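# Structure at a glance
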Amino acid sequence: MAIRKAVKGTAAVASGGLVAFYGLTQLTEYRKRQARLSRVEAVEQVNMAFQDELPSRQAQLTALRATQEFDVLVVGGGATGSGCALDAVTRDLKTALVERDDFSSGTSSRSTKLIHGGVRYLQKAIVKLDYEQYMMVKEALHERSNLLNIAPHLTALLPIMLPIYKWWQLPYYWAGIKIYDLVAGAQCLKSSYILTKTKALELFPMLKRDKLVGAIVYYDGQEFDVRAKCVINATGPFTDALRKMDDQKNPNICQPSAGVHIVIPGYYSPDNMGLLDPATSDGRVIFFLPWEKMTIAGTTDTPTEITPHPIPMEEDINFILTEVRNYLSPDVEVRRGDVLAAWSGIRPLVTNPNSKDTQSICRNHIVHISDSGLVTIAGGKWTTYRSMAEDTLDAAVKAHNLSAGPSKTVGLMLEGAKDWTPTMYIRLVQDYGLEVEVAQHLASSYGGRAYEVAKMAHVTGKRWPIVGKRLVSEFPYIESEVQYAIKEYACTAIDVIARRTRLGFLNVQAAEEALPRIVDIMGKQLTWSEQRKREELSAAKQFLYYEMGYKARSEQLTDTSEITLTPAEVGRYMKRFHKFDKENKGFITTVDVQRVLESINVYIDADTLHEILNEVDLNKNGQVEFNEFLQLMSAVKKGQVSANRLAILMKTAEQSLDQTESLEQREPVDQRKPVSVDRSGGGV
């Protein structure tokens, strides 16, 4: 289950400015046949009794305490650590895994969501004749193919477009992507191809037209003491901290690098095509990809300090937005206010401790055995977690003389894959009465386990859907997923918004809106006190504020924001403001807004209205002053703020009031005497 959480919502991709399909067409059937054979072989070799029901968290803790000695203890529950634990179990080794937070709570959940080989590493391998880089790409391509086969419900092919704006670049990038196809060999997903300018704009209409030549497309996709014969250090960026616990004299082998990603609305990219910028203004690579009906853009690559709570910086967010603007049509206004979420992940790059340039570091992995026997797996790529785990267990078995066979994880289907089909969502709709969008989401997230989530869903009380109450209206996450998340060891509200659903990564405001209900559901299931529920709510809001970009977003509107409005615009907004500030107080309150809304038959509860005004109340005095309103409208004009609820509410109300006044003025004056009540048929 940890592996599933690590790879949720990923796409398989290759690199290139062409739409590159990984794979030589004539070898497709051979690759499929080999995948089927390896899958059958893996299932036959892994002779283990798996439970349909996961053991409870308490049962897990009891087992950790009661077991005299494990063969392998894995420290770290990210993609690599979970992969190591799975590999060890398939070798019949008695295995335990400990994680200080949640599965994939660190770097593993903060990736670009791509299963890819690494086109830029192949370029370095060719230019520098670096065999190690070449082998890393080849390994990653193999693992990409395997992951597509063992987790079909979680992974999918995604064509990536590399737009070409200079004629000489076309043969250059085409040759590079074709080499990428060749390296993939039998595991090539689909062959890359060239697009004309017209076809490229048809598939990606947001592209900048000026000077566009064509495009290339390719495809990628503390509990107590636990005793064990072997301890595996799979702690990612914290590798050196654990190594120094083993021996303070150990030198650092990891150099952390921060990668920031942003999420913007889905209309910034087509549903079925990604974009690659192979050479940004500072030489880095930027991906621009559809993800969960939104658009994800990233990443940066800058040296950073190690922290369990990395925070996205405003300069990195603006760097990504600037690079995105370079490739999109001038008609598409890329606004800072459209950033719905932003996060930073720390890459555990393997490097010479004296190196200062993290951008030239190869992300290949190393396995190291210390004098005391601590096995450390460091570096590597998210895509290659399985092969990294295999190498690690091979080294651990040899170093500690463990009785174990070879790895059996190639072709071993991951949780949920067994009973999944591309059309299983239809059964969810037909059998349970779920919305189509919700059913599709459950099928692609849980695979064959989606039926369990559907069974937990509550009746909505509506004609349709029959079951499945959404946590927030614009996303297909439903309340029963919170209940199921608890079965999968979700212990906090952050676990749910960040890793059991992806709300926190998709839209921080939507996640905040869903939090009270999530906390209520978890509170009932886990018997939380009212104090614990308040603490959970507060901690989750802090997580959204700092780690998911809410702070950076809110700082776009401050009490020192410059007002850049013309006199005509100020006059227009003053008229709008006075529709609410009838007494010319110079400020408005929730009472003023509610009075106006009720006059146009719009009703909003007091708590929601308070939240709406609080977003604009910069000095937090319980009212919105005229100057604060002008700062808001100026920020909206500059694109720093978008979809602000108060701005939209006031504009809509003004239009309704103006329309009503206009109709009243145009009504003819009836000069006849009024009809008495009794003659008009009125009551008595």
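Residues numbered from 1 in each chain as written. Predicted model: local features only at pLDDT ≥ 70, side-chain atom pairs only at ≥ 80, totals over all residues. Heavy atoms only, no water.

### Examining the overall build of the protein
Each helix and strand counted, the protein has 25 helices and 19 strands in total. Sorting the 684 residues of the protein into buried and exposed places 54% on the buried side. For the protein, the accessible area works out to roughly 32000 Å², and carbon and sulfur atoms hold 52% of it. (Helix = DSSP H or I, 4+ residues; strand = E, 2+ residues; numbered from the N terminus. Buried < 20%, exposed > 50% of the residue type's maximum accessible area, 1.4 Å probe, protein only. Areas by Shrake-Rupley, 256 points an atom, 1.4 Å probe, with all protein chains shown as cover.)

### A look at the nonpolar core
Core analysis: the largest hydrophobic core is formed by 50 residues, its most contacted members being Phe-475, Leu-503, Ile-518 and Leu-544. Among the elements that take part in this core, helix H18 (residues 508-526) stands out by supplying 9 residues, more than any other. When residues no more than four places from it in sequence are discounted, the contact partners of Leu-503 are Val-472, Phe-475, Tyr-477, Ile-497, Val-508, Ala-510, Ala-511 and Ala-514. The next biggest cluster of nonpolar side chains, apart from the first, holds 31 residues, and it includes Ala-215, Val-260, Val-334 and Val-339. (Core = buried A, V, L, I, M, F, W, Y, C linked by side-chain atoms within 4.5 Å. Contact = heavy atoms within 4.5 Å.)

### A short note on the UniProt feature "domain: EF-hand" (unreviewed entry) in the protein
Cross-referencing UniProt, the feature "domain: EF-hand" (unreviewed entry) maps to residues 568-603 and 604-639 in the present numbering. For residues 568-603, helix accounts for 64% and strand for 6%, while the C-alpha atoms at its two ends are 31 Å apart. In this annotation, residues 604-639 is assigned 58% helix and 6% strand; the end-to-end C-alpha distance for the span is 27 Å. (UniProt positions renumbered as here; feature names shortened; annotations may be inferred.)

### Structural notes on a negative patch on the surface
On the surface, Glu-474, Glu-513, Asp-605, Asp-607 and Glu-611 cluster together to form a negatively charged patch. Relative to the helices and strands, Glu-611 is located in helix H23 (residues 606-614). Judged by relative accessible area, which is 44%, Glu-611 ranks as partly exposed. (Patch = residues over 30% accessible without salt bridge, like charges linked within 9 Å, V, L, I, M, F, W, Y side chains within 5 Å. Salt bridge = Lys/Arg side-chain N within 4 Å of Asp/Glu carboxyl O. Lys, Arg positive; Asp, Glu negative; His and termini not counted. Charge placed at Lys NZ, Arg CZ, Asp CG, Glu CD.)

### Some words on the packing of aromatic side chains
Scanning the entire structure with this criterion turns up 11 aromatic pairs. Aromatic pair Tyr-446 and Tyr-484: ring centres 5.5 Å apart, planes at 90°, arrangement edge-to-face. Pair noted here: Tyr-446 is in helix H13 (residues 436-446) and Tyr-484 is in helix H15 (residues 479-487), with a separation of 38 residues, a long-range link. A single burial state applies to Tyr-446 and to Tyr-484, both of which are buried. Between Phe-577 and Phe-629, the aromatic rings sit 5.6 Å apart at their centres with planes inclined by 40°, giving tilted as the arrangement. Here Phe-577, found in helix H21 (residues 567-580), pairs with Phe-629, found in helix H24 (residues 626-637); they are 52 residues apart in sequence, far enough to count as distant. Residue classification places Phe-629 among the buried residues on the basis of a relative accessible area of 0%. Among the aromatic side chains, those forming a connected cluster through ring pairs are Tyr-573, Phe-577, Phe-626 and Phe-629. Residue placement shows Arg-100 over the ring face of Phe-238; its charged tip is 4.4 Å from the ring centre. The ring of Tyr-573 has Arg-572 lying over it, and the distance from NZ or CZ to the ring centre is 5.0 Å. (Phe/Tyr/Trp six-rings, centres within 6.5 Å; stacked < 30°, edge-to-face > 60°. Lys NZ or Arg CZ within 6 Å of the ring centre and 35° of its normal.)

### Remarks on helix H11 (residues 385-400)
Taking 1.5 Å per residue as the helical rise, H11 with its 16 residues ought to reach 22 Å, and the 22 Å between its terminal C-alpha atoms agrees with that figure. Positive backbone phi, approximately 55°, marks Asn-401, located one or two places after H11. (Expected span 1.5 Å × (residues − 1).)

### Points about unusual backbone geometry
Look at the link from Gly-298 to Thr-299: it is a cis peptide, with omega at 20°. Assignment of secondary structure puts Thr-299 in the loop between strand S13 (294-298) and strand S14 (302-303). Pro-465 follows Trp-464 through a cis peptide bond whose omega is -5°. Along the polypeptide, Pro-465 turns up in the loop between helix H14 (450-456) and H15. Unusually for a residue other than glycine, Asn-584 sits at a positive phi of about 55°. Considering the arrangement of structural elements, one finds Asn-584 in the loop between H21 and strand S18 (587-588).

### Notes on the pattern of salt bridges
Any two side chains of opposite charge can pair, so long as their charged atoms come close to each other. Overall, the coordinates contain 31 salt bridges when judged by the stated rule. Here Glu-530 makes a salt bridge to Lys-533, at a shortest N to O gap of 3.5 Å. Pair noted here: Glu-530 and Lys-533 are both in helix H19 (residues 530-546), with a separation of 3 residues, about one helical turn. The exposure class assigned to Lys-533 is buried, which follows from its relative accessible area of 17%. It is possible to trace a salt-bridge network through shared partners that takes in Asp-581, Glu-583, Lys-585, Asp-592 and Arg-595.

### Some details on a nonpolar patch on the surface
A grouping of Ile-311, Met-313 and Tyr-546 is seen on the molecular surface, where their side chains present a nonpolar patch of about 260 Å² in accessible area. Positionally, Met-313 belongs in the loop between S14 and helix H10 (314-327). Using a relative accessible area of 45% as the deciding quantity, one classes Met-313 as partly exposed.

### A closer look at the confidence of the model for the protein
Mean pLDDT over the protein works out to 81, with 83% of the residues at or above the 70 mark. Every residue in residues 1-41 is under pLDDT 50, and counting partners more than four places away or in other chains gives 195 contacts. A low-confidence stretch, residues 671-684 stays under pLDDT 50, and its non-local contacts, those more than four residues away or across chains, total 3 contacts. (pLDDT = per-residue confidence, 0-100.)

### Considerations on the side chain of Ser-387
For Ser-387, the position within the fold is in helix H11. Ser-387 sits in the buried class, given a relative accessible area of 5%.

### Some details on the packing of H21 against H24
Contact geometry of H21 with H24 gives a least axis separation of 11 Å together with a crossing angle of 125°. Taken as axis vectors, H21 and H24 run oblique relative to one another. Regarding H21 and H24, the two cross each other, and that crossing is right-handed. Residue-level inspection shows Glu-569, Val-570, Tyr-573, Met-574, Arg-576 and Phe-577 of H21 in contact with H24, the latter providing Phe-626, Phe-629, Leu-630, Met-633 and Lys-637. (Axes fitted to C-alpha atoms, helices over the stretch in contact; angles between N-to-C directions. Parallel < 35°, antiparallel > 145°, perpendicular 65-115°, else oblique. Left-handed = near helix turned anticlockwise from the far one by under 90°.)

### Considering the pairing of strand S10 (residues 254-264)
Along any regular strand the residues' side chains alternate between the sheet's two faces. Within S10, 11 of the 11 residues are buried, which leaves it mostly tucked inside the rest of the structure. In S10, alternate side chains face the same way, and those of Cys-254, Pro-256, Ala-258, Val-260, Ile-262 and Ile-264 on one face and Gln-255, Ser-257, Gly-259, His-261 and Val-263 on the other are all buried. When S10 meets S13, the two strands line up antiparallel, connected through 4 bridges. Along S13, the bridge assignment pairs Ile-262 with Ala-297. (Pairing = 2+ DSSP bridges.)

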